Every structure is written in structure tokens, then in C-alpha cells.
Amino acid sequence: MNNKPLNPNLVAVILIGFTLLIVAALPIHIQFVPNEAAAQDTPPPASEVLLVAQVEKNVLEYTLKAVIGQTPPMAFIGIGGGIDGQVNPTLTANVGDTVRITVINGDPVLHNLVIDEFQVTTGDILQKDQSVTVEFTPDKPGNFAYYCATPGHREVGMWGTLTVTGEALAEAQNAAAPAEAAMVPTAAPAIADAVAIVRNPADLPAPIGDRGPIDVRVDLNAVEANGILADGTTYRYFTFDGQVPGPMIRIRVGDTVELHIHNDTSSQLQHSIDLHAVTGPGGGAVYTQTNPGEETTFTFKTLAPGVFVYHCATPSVAHHIASGMFGLIVVEPAGGLPPVDREFYVMQSEVYTVEPYGTKGNLTFDHAAMLNEQPQYFVFNGAANALTTDENALHAKVGETVRIFFGVGGPNFTSSFHVIGEMFDRVYNYGSLTTPPMTDVQTILVPPGGATMVEFKLEVPGRYILVDHALARLERGLAGYLFAEGDDNPTIFREGGSAASS
Ligand SMILES: [Cu+2]
């Protein structure tokens, strides 16, 4: 260490600064005169006198600003007083104090502040610079978390501690533990103008064919929408371009992609993108955390062919994925993919709701259920039994070769993808287009954030059912129909028997 004589001016400045800091650190101290008791003619009950005597009533005011994009990624920053500039400052109070907390929103993104033990909540704060003040009186000592209850925000760091000192108030001590009310979740009415969010599996771009590398611009719009999860059931979806999965991006290896993410003005949350076809930190997520009404851009070059997943990567990432923010980016090899007769685009995911599977109404996302990996719904292309409807079933003809690009958004469950009544002639396992395909496969594992490309020729007409062969999920909404039209093929498949016994 370097010991230099102290500059007396510097010492004075530090001392003054230190004094100011101490003054600033003291909570605002307003004495309440307990004159209600004194004004009474008859003496109050002994317990009240005790209470008034013991508890020094202060009013403490704290201001916190919700901020995004620092360390941690989301946090409350103290404004003014002794907490000024502190990240998730520890707030202090005594039992019986009046605590006022003002929360200012630093971004146009949904935040709030909640303290469970004192039933404190600001409610939703959505606009930038909007502020809400809550006031409460802690009645027991301890350390209590204040946090943002928007899914994922607490988990990435948006919480701090309220430390309360003193003795628990008489009421709090005497209060019997509240009986755990039997919580029977009742859903709010279904949203009347909820929209269809299912992407038709035949909605995908044409093959690239045989062309050289080019520069490509891709525009995606992050849209939050009340969508139809099942008949009579709605849910708050997060989407790319309004449908689940997001649009398939189809390019060639060696292409340079300029990707624009626009977050719709009606959004309540930030959104972003991580594409597994990107080589670079975050797969694009570091450049694309986008506020509502804003747009971000980044550029990448595709280095390898394959069938890749993309997804939103804004906390809670799993919540955004479970709400529909995923899709496939297919990077074709030089010369393009071998031609087939039909192509389809199907993705699997889970939906986590408070209300049980099958409940009518507008269902609520359940963050705890997601963390516990207990979905109520399993879905292809975003909604329960979506691909079994006339509108969205898959259609092909006998004699045709069918290709399915199949991916799993998840966020949590691996699929055992299978088509009942068919086997896959070729499986491009894990979506690898540079590995020779496996042949003659019944069921293929596809992990969350993974994909596959399967091909098979239809020899026999009829209805084939797309499933995850973890078949309990069939009963939670996971099924799709592939109808093959054409003439019967009794040599391969017929009712009854006529073979000689072996
Ligand atoms: Cu998102």
C-alpha cells in the first residue's frame, strides 16, 4: 500500500460528505402524537395503553424505481434518502410504523411490487414513469421479501428485503393462523374477442432450391394476444406475428440475415429472440431485448445447415416460450433439400394454467406449476387438439411423400414424436441435415429447443394421428390428424384374413 499524507481539504470534504450521507440515511421521522388515547374520557383498556406506550409511530417513505438492463437484469433502484442508487436496497421499519413505498416504472414494461406477508401490492404498473404509492403498517418483526410478481422478474433479481424490528403487535400475536381456505380456482369468463392463434401446418415457405448465398432481411413482430386455447377457453399468448409457432424462417447456409424484431405497441412486456442457427452470444438475445413499441436489429451469417428452433429469450424465458414464443429456422444445405410432395410445420409445447385442463373461461398462467413442470395442456401449434380440426388438419394423397418439420418449444417436455399407422422412412435426427438420415423409425425423441425432419411415403388411405407417444398427453390436448386420400391398397392393408397358416 502507498501511504501518502492526507490532504486536509480532502479530509474536510469527506467529513462533510459523510455527515450528509448519515443525515440522508435516516428515514424521514415524523412523530405522531398519540392524542386519541389522551382525548378519551374513560381510560382505554390496558392493552391499548401498553400498545401506545410501546410503539413509536413513524412514517417512513421509500421510493424505488423499476429498471431493466443493468445487473441484475431487472431490479428496484433506490431513489433519494439513504437508499439512493442502491440496487434492491434493504428497507427498514419498526413494528407499527407507517411505511409508504412509491414505485416508479423506469420502462414501458409490466412491473409491480408485492409484499406477501402484509398483503401489499401496487397492482400492475405498465407505463414508463408511471408511479404508484402503497402504504401499510407492519405488525410483526422479521425479514420480508418485496418483489415484482410479473412472471420471471423476481427470479432474475427483482426483489429486496424489508427488515422490520420490534415486538409483534398484540393483534398479530393473538390472531389465529388464518385457516387455509380451500382454493377452488374459478376462471374468469372467456375473452369474447379472443383470436385464433394456431398456425396451419401447411403454412410454411417454399423450399430454397439451388441458389447461392444471399443477404436476407427477416422481420418479426412480437404480439401479445388473448387467444383460443380450447373450445370456450382463452389464454394470454405471446407470439411472433400473432400465431403459434412463429413463422418458419427458411434460408440457405451461407446467407447473411438482417433480423428485425419489432415489439407491438400493445405489448406489456419486453420480447427478444434467440435463434439456434446463430453463432454468437445469446443467439441474438443480447441485441434484441425490445421494449413495447420499439424495434431492434442484428445481423448474422449462417454457418451450418439444419432445422433449428428460435424462441423469445426475455425473462421468464420459460414463461414466454410456454405462452407461444417459438418457431423454426430451417437452414438448407447447398443445393437445397431433396424435393418431396408435401411439407408440414408442427411444433409441440406445454401450457401451464392455474385452472385444471378442460376448464372453460379465461385461464391464468401458473408460474409455480411451470417451475414444477406440471402443465395442464400439451399442444401442437399452440392450442388443444388444434390439428384435429377441419381447418388445421394435415392433408395429403396416397402415393405422396410427406415431410414434417417437427420442433419442440417446450419449455420443459421432450416429445416422443410418432405418427400412428406410419413409420418414418427417413429421420434427420436432432434436425441435423449433414448427417445421413436414420431409416425406418417408429418414434423419435425431440428435446425442448430441438427439432427433427421426418419423411414418409403414404401407401394406404385413411386418418393417421400425430402424437407424442407419452400418450397421457393425448388426453391433455396433444393430437393432430393427417388425412391421406386415395385408393385402397389391400396388398398392404385390409380387413380380414386369407393367408395360409405358417
Ligand atoms: Cu417474449
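Residues numbered from 1 in each chain as written. Predicted model: local features only at pLDDT ≥ 70, side-chain atom pairs only at ≥ 80, totals over all residues.

(A) Expanded view of the overall build of the protein chain. Of regular secondary structure, the protein chain possesses six helices and 29 strands. Expressed as a percentage of its 502 residues, the buried residues of the protein chain come to 40%. (Helix = DSSP H or I, 4+ residues; strand = E, 2+ residues; numbered from the N terminus. Buried ≥ 20, exposed ≤ 12 C-beta atoms within 10 Å, placed from the backbone.)

(B) Just the sheet that holds strand 11 (residues 233-240), in detail. Here we have five strands laid out as an open sheet, ordered 15-13-10-11-19, and mixed in their pairing. Each of the sheet's edge strands pairs with one partner strand only, and the pair in question is strand 15 (295-301) and strand 19 (361-362). Where strand 10 (residues 215-230) meets strand 13 (residues 256-263), eight bridges bridge the pair, whose relative direction is parallel. Looking at strand 13, one finds that D215 is bridged to T256. (Pairing = 2+ DSSP bridges.)

(C) Representation of the environment of E258 in the model. Position of E258 among the secondary structure elements: in strand 13. Distance in space between the C-alpha atoms of E258 and V218 is 6.2 Å, their sequence separation being 40 residues. Beyond its immediate stretch of four places on either side in the chain, E258 contacts R217, T297 and T299. (Contact = placed C-beta atoms within 7 Å.)

(D) View of unusual backbone geometry. Cis rather than trans, the peptide bond between V244 and P245 has omega equal to -5°. Here the residue pair P315 and S316 is connected by a cis peptide bond, since its omega of -10° sits within 30 degrees of zero. Residue position: S316 is located in the loop between strand 16 (306-311) and helix 5 (317-322). The phi torsion at N88 lies on the positive side, around 45°, for a residue other than glycine. Mapping N88 onto the fold places it in the loop between strand 2 (74-78) and strand 3 (91-94). For N381, which is not glycine, the phi dihedral falls at a positive 50°.

(E) Fine view of the environment of L474. Position of L474 among the secondary structure elements: in the loop between strand 28 (462-468) and strand 29 (480-485). A tally of 16 C-beta atoms within 10 Å means that L474 is categorised as partly exposed. For the pair L474 and Y377, spaced 97 residues apart in sequence, the C-alpha separation works out to 9.5 Å.

(F) Seen up close, the confidence of the model for the protein chain. Mean pLDDT over the protein chain: 88, with 85% of residues reaching 70 or higher. Residue range residues 1-6 is modelled with pLDDT below 50. Its contacts to residues more than four positions away, or to other chains, number one contact. (pLDDT = per-residue confidence, 0-100.)

(G) View of the pairing of strand 24 (residues 424-428). Direction of pairing for strand 24 relative to strand 25 (residues 438-441): antiparallel, over a ladder of three bridges. Residue R426 lies in a different strand from strand 25, and its bridge partner there is T439. Judged from the three bridges that link them, strand 24 and strand 27 (residues 450-457) form a sheet pairing that is antiparallel. From the neighbouring strand, R426 faces strand 27, where its bridge partner is E455.

(H) Region of interest: the sheet that holds strand 20 (residues 377-380). The strand order 20-18-22-27-24-25 describes an open sheet built from six strands, whose pairing is mixed. Here the strands that pair on one side only, and so sit at the sheet edges, are strand 20 and strand 25. When strand polarity is set aside, the average angle formed by the axes of neighbouring strands in this sheet is 25°. For strand 18 (residues 342-351) and strand 20, the ladder comprises four bridges, and the chain directions are antiparallel. Residue pairing for strand 20: S349 is matched across the bridge by V379. (Axes fitted to C-alpha atoms, helices over the stretch in contact; angles between N-to-C directions.)

(I) Local environment of the nonpolar core. The biggest cluster of nonpolar side chains holds 83 residues, and the ones touching the most others in it are F308, L328 and F405. No other element matches strand 10, which puts seven residues into this core. If you look at the next biggest cluster of nonpolar residues, it comprises 28 residues, including V99, I101, V109 and C148. (Core = buried A, V, L, I, M, F, W, Y, C linked by C-beta atoms within 7 Å.)

(J) Seen up close, the environment of N105. On the secondary structure map, N105 appears in strand 4 (residues 98-105). Residue classification places N105 among the buried positions, given that 22 C-beta atoms sit within 10 Å. Placed 22 residues apart in sequence, N105 and Q127 show a C-alpha to C-alpha distance of 6.8 Å. Discounting chain neighbours no more than four positions away, the residues touching N105 are A66, H111, I125, Q127, K128, D129 and Q130.

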